[in-house]
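Structure assessment
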Amino acid sequence: MATIEEYTGGTIQKGIQKALMYFDTISSPVPDDEKSRHIRQKIDAFEPFLLTPDQAMGYIRSARSIAIGERVCRALNPGSLFTESVFLDDLAIEMVRAGKARNAGVEEARIYLEKSSKHPLIISKVSGKHQEICPSVPSECVYWRAEKKGIHCLKRKA
Ligand code: SF4
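Just so you know, these numbers come straight off a predicted model, no measurement behind them. (Residues numbered from 1 in each chain as written. Predicted model: local features only at pLDDT ≥ 70, side-chain atom pairs only at ≥ 80, totals over all residues. Heavy atoms only, no water.)

So, on to the site of the ligand. Within the structure, the ligand sits among R71, V72, C73, C134, S136, V137, C141, V142 and Y143. When atoms are counted within 2 Å of each cavity's grid points, the one that captures over half of the ligand is the largest pocket. A per-class count over the shell around the ligand returns seven nonpolar, one polar and one charged. (Near = heavy atom within 4 Å. 1 Å grid on protein atoms, 1.4 Å probe; cavity = no way out; pocket = protein on both sides within 12 Å on 5 of 7 lines; lining within 4 Å. Sits in = over half its atoms within 2 Å of the grid points. Nonpolar A, V, L, I, M, F, W, Y, C, P; charged D, E, K, R; others polar.)

Structure, rendered in structure tokens:
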């Protein structure tokens, strides 16, 4: 799992980039070697879940703070589709403080997610808590790229 500091400091991108580069170079299915197991562990630590819009709104409504900012992996593909994530609680506060997100209300977040409805919603754990909801872009997403290689990391939230 990554920490809030890795998000605000930008080092989260290094981890994503390493995993994406690895997926680019290996066969499918992923070999059962130490490197693959390490990447798998790193991905699983985020405990990513696919959410329905209603489930996402449940998280948003119960958050103490909400912020919206560029999805963290877009920095690796600057010319790519612009999408933003919804950050919650302490991650929201710190991303705003770092100038990487802006404060938002429940309604703004709802409207934003509605506009992003063609992107599958994924929630990830950061610093021990599910605090990042991303309308994911499968071609650039570490989770979807892992799935494509046979690493099944995305579960639907019950
Ligand atoms: S698209 Fe995937 S890797 Fe990129 S920020 Fe969203 S959830 Fe993370």
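All told, the structure shown has two aromatic pairs when counted by the stated rule. When the ring of Y22 is compared with that of F23, the centres are 6.2 Å apart and the planes differ by 50°; the resulting orientation is tilted. Taken as a pair, Y22 and F23 share a single burial class, namely buried. Taking the centre distance of 6.3 Å and the plane angle of 70° together, the rings of F46 and Y143 count as edge-to-face. Here F46, found in the loop between helix 3 (34–44) and strand 1 (49–51), pairs with Y143, found in helix 7 (residues 142–148); they are 97 residues apart in sequence, far enough to count as distant. (Phe/Tyr/Trp six-rings, centres within 6.5 Å; stacked < 30°, edge-to-face > 60°. Buried < 20%, exposed > 50% of the residue type's maximum accessible area, 1.4 Å probe, protein only. Helix = DSSP H or I, 4+ residues; strand = E, 2+ residues; numbered from the N terminus.)

Further remarks concern the layout of surface pockets. There is about 640 Å³ of room inside the largest pocket. Every residue lining the largest pocket is counted, 29 residues in all, and those nearest its centre are I12, G15, I16, F46 and V142. For the lining of the largest pocket, the elements supplying multiple residues, two or more each, are helix 1 (4–9), helix 2 (12–25), helix 3, strand 5 (121–126), strand 6 (129–135) and helix 7. Of the residues forming the lining of the largest pocket, the biggest block, six residues, is contributed by helix 2. Split by residue class, the lining of the largest pocket holds 17 nonpolar, five polar and seven charged. The calculated volume of the second largest pocket comes to roughly 210 Å³. (Points joined across faces, edges and corners; volume = space filled by probe spheres on them.)

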